[in-house]
Amino acid sequence: MCGIIGYIGNDNALDKILYGLKRLEYRGYDSAGISIIDDKKLIRYRSRGRIEDLIEKIKDKKINGTLGIGHTRWATHGKPTDENAHPHIDCSGKISIVHNGIIENYFELKEKLKKKHKFSSETDTEVFAHLIEDFIKEGLENAVKKSILKIKGMYALVIISSDEPDKIVAARQGSPLVIGIGESEVFVSSDIPSFLKYTKKAIFLEDGDIAIIKKDKIRIFNNNKEVKRQIRNIKWTEKQAQKGGFPHFMLKEIMEEPQAFEDTLMGKFDERYGNIKFENIDIMKLKSIENIRIIACGTSYHAAYVAKYLFEKWTGINTQIEIGSEIRYANPVLGEKTLIIIISQSGETIDTIEAFKNIKNNAYYSIAIVNVVGSTLSRMLHGVIYTHAGPEIGVAATKTFISQLAVLYLLALCIAKLKNKINIKDIKNSLRILRKIPSLIKQILSNRRQIEKIAEKYYNHKDFLYYGRNINYPIALEGALKLKEISYIHAEGYPAGEMKHGPIALVDEKVPNVFIAPQNSLYEKVINNIEEIKARNGIIIALTNRSNNEMEKKANDIIYIPDIEEDFYPLLAIIPLQLLAYYIGVKKGIDVDKPRNLAKSVTVE
Ligand code: AGP
């Protein structure tokens, strides 16, 4: 997720673009840049780091011009560096482009374009600048239209050319683009906060739209036909707009989970043929591993725990999981040909970094699963797989967790396939299930009011217990962690079968017991646990399948989850537990985006 803005009007473009970029920093902040056309000359400045670093870099420069574009980056391809920062330009230095999204086929396009064009970055975006250059003789808008036909993936593109300094061309496919219409000035941006100060009139482009934007005229085409798009009046403040109209980043990011899941797996599999591919991973190494050791902290550790069940069941490979702060001081004995997997959304958790340093020499192969391109852990291991969750502003890990699970499910399938532990029919079926996860999450999210009502019933309780069996046990742990972090209420996650070995002593009419109770092979066992708690007047909140009306007689409250094959249940069960924690925290008047004592990235001992 990146922040894009273009401006054309009568005022100084640089001022308006820098102002807009600062309002878009929540979308990405590892590097930033601007291109301004000043008296038919294209001037570009870029800087690694935050927008303030870019402003510092250009503060003494005289940059006039009333047409320009700007970008604040969340890296997906290529580390955060000056060279990889947007805007990108073509070889003539006349065409400049900013992009949000992923050009899936950039690699093959780049191989062809490299014969004629000199590349200066590792990004997928630069490919598009050179594609336009090849067609530019037909004019900017036609060059963009023809270039777009060659790319696959998601994009929001904003392009300017010093040879045509009276227009901006913008194109949208899968990534948001919105036009702000002012008095003799027009903005085009990833999101409305960037121009709300200047105008509340907006046009939301739709997929396939190409807009030709002049300061007093906007034309929009789709499939080569001119189309009309409604002008809307935005009622949000800037702050509200940055949160997408949601009250908190945490809720906005939970609502983004379907997209985060989809973006993370984009281009990595094809269920029609059972194909799975991870770039920058040595598949032959994966094929020969004999042990797996996963290291992480906090929520990422719970993702590792889900993976343990998956890897052992699907691949038959011994899988151990370690908490970073524990193994960093231990003397682990790694088995033969051990694959080390490190999971960290920030890529900067010191306990995880130090833990990896403690064992890396014995690692047969190692893979980092991180959300931040260029982070420390993304550079320390043999291979890296990025979760494309975009920036997560809320301190609590939500969309990064579901994105980690997305990678781990696909990686488990990939290894199972390499080890011939799964037949092609089951691979295709599993991939079809992964394909439908985003829509199933959306179904749960559309029901969030029901979860809010449950939160309103129980937010005053002092202790919660969470229970799950087998692959749902780590989700009980994560649900309890979310509640602790966001509401400061004491909560513990337990294997449901462990209840009778102690925790049941905590049960009385004051304790809500949250059960992850899918109608699967262990359902009867979980029902027995529920009965034991009911017999002691415990409160039962059950997550179960929509079709399970037996539970109505047993639970005080039920949260329904769409039916899904039992191994995939964690991908859905976590969503209502994140929402439950969120609504309870809000009900308690807590700043759920910045809970006390917590940091987004624990880089201290
Ligand atoms: C998650 O909600 C917590 N904020 C915390 O447990 C976090 O998961 C942990 O610090 C690990 O962070 P990482 O994924 O960036 O390594």
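How each quantity is defined
- Residues numbered from 1 in each chain as written.
- Predicted model: local features only at pLDDT ≥ 70, side-chain atom pairs only at ≥ 80, totals over all residues.
- Heavy atoms only, no water.
- Buried < 20%, exposed > 50% of the residue type's maximum accessible area, 1.4 Å probe, protein only.
- Helix = DSSP H or I, 4+ residues; strand = E, 2+ residues; numbered from the N terminus.
- Pairing = 2+ DSSP bridges.
- Axes fitted to C-alpha atoms, helices over the stretch in contact; angles between N-to-C directions.
- Parallel < 35°, antiparallel > 145°, perpendicular 65-115°, else oblique.
- Left-handed = near helix turned anticlockwise from the far one by under 90°.
- Contact = heavy atoms within 4.5 Å.
- Nonpolar A, V, L, I, M, F, W, Y, C, P; charged D, E, K, R; others polar.
- Salt bridge = Lys/Arg side-chain N within 4 Å of Asp/Glu carboxyl O.
- Near = heavy atom within 4 Å.
- Polar contact = N/O pair within 3.5 Å; in protein donor to acceptor, adjacent residues only side chain to side chain.
- Areas by Shrake-Rupley, 256 points an atom, 1.4 Å probe, with all protein chains shown as cover.

Counted residue by residue, strand β1 (residues 3-8) has six buried out of six residues, so it is predominantly covered. Covered by surrounding structure in β1 are Gly3, Ile5 and Tyr7 together with Ile4, Gly6 and Ile8, the residues of both alternating faces. Looking at chain direction, β1 and strand β4 (residues 67-73) are connected through six bridges and run antiparallel. Within β4, the position partnered with Gly3 by the bridge is Thr72. Bridge count for β1 against strand β10 (residues 186-189) is four bridges, and the pairing is antiparallel. Directly across from Tyr7, in β10, lies its bridge partner Phe187.

To continue, consider the packing of helix α15 (residues 448-458) against helix α18 (residues 569-587). Direction vectors running N to C along α15 and α18 enclose 50°, while the axes themselves pass 8 Å from each other. Here α15 is positioned oblique relative to α18, judged by the angle of their axes. The interaxial crossing formed by α15 with α18 has right-handed handedness. Facing Arg448, Ile451, Glu452, Ile454, Ala455 and Glu456 of α15, the residues of α18 in contact are Pro576, Leu579, Leu580, Tyr583, Ile584 and Lys587. Among the residues forming the contact of α15 with α18, the class breakdown is eight nonpolar, no polar and four charged.

What follows is about helix α5 (residues 140-148). Within the span of α5, buried status applies to Leu140, Ala143, Val144, Lys145, Ser147 and Ile148. In the core, the buried residues of α5 are packed alongside α4 (125-135), β7 (153-161), β8 (168-173), β12 (209-214) and β13 (217-222).

Looking now at the pattern of salt bridges. One pass over the full model with this rule turns up 38 salt bridges. We note a salt bridge from Glu478 to Lys482, for which the minimum N-O separation is 2.6 Å. With a gap of four residues between them, Glu478 and Lys482 both fall in helix α16 (residues 473-487), about one helical turn apart. Each member of the pair, Glu478 as well as Lys482, carries the same accessibility label: buried. Notably, a salt bridge pairs Lys510 with Asp508, separated by 3.4 Å at the nearest N-O pair. Among the charged side chains, a salt-bridge network with shared partners connects Asp11, Lys16 and Glu185.

This brings us to the sheet that holds β12. Strand order in this open sheet of seven strands is β5-β6-β7-β8-β12-β13-β14, and the pairing throughout is antiparallel. If you trace the sheet from one side to the other, it starts and ends with β5 (88-89) and β14 (225-227), each paired once.

As a further point, take the environment of Lys110. By the element assignment, Lys110 lies in helix α3 (residues 106-113). Between the C-alpha atom of Lys110 and that of Lys457, which follows or precedes it by 347 residues, the distance is 57 Å.

Of all residues adjacent to the ligand, which total 14 residues, the nearest are Ser300, Ser344, Ser346, Thr349 and Glu485. Residue Thr299 places a main-chain N or O atom 3.0 Å away from an oxygen atom belonging to the ligand. A distance of 2.8 Å is found between an oxygen atom of the ligand and a backbone nitrogen or oxygen belonging to Gln345. Taking 410 Å² as the accessible area of the ligand by itself, protein coverage stands at 92%. Residue assignment for the shell around the ligand shows that the elements contributing at least two residues are α10 (298-315) and α16. With three residues, the single largest contributor to the shell around the ligand is α10. Within the shell around the ligand, the residues separate by chemical class into five nonpolar, seven polar and two charged.

Keep in mind these values describe shape, not function.
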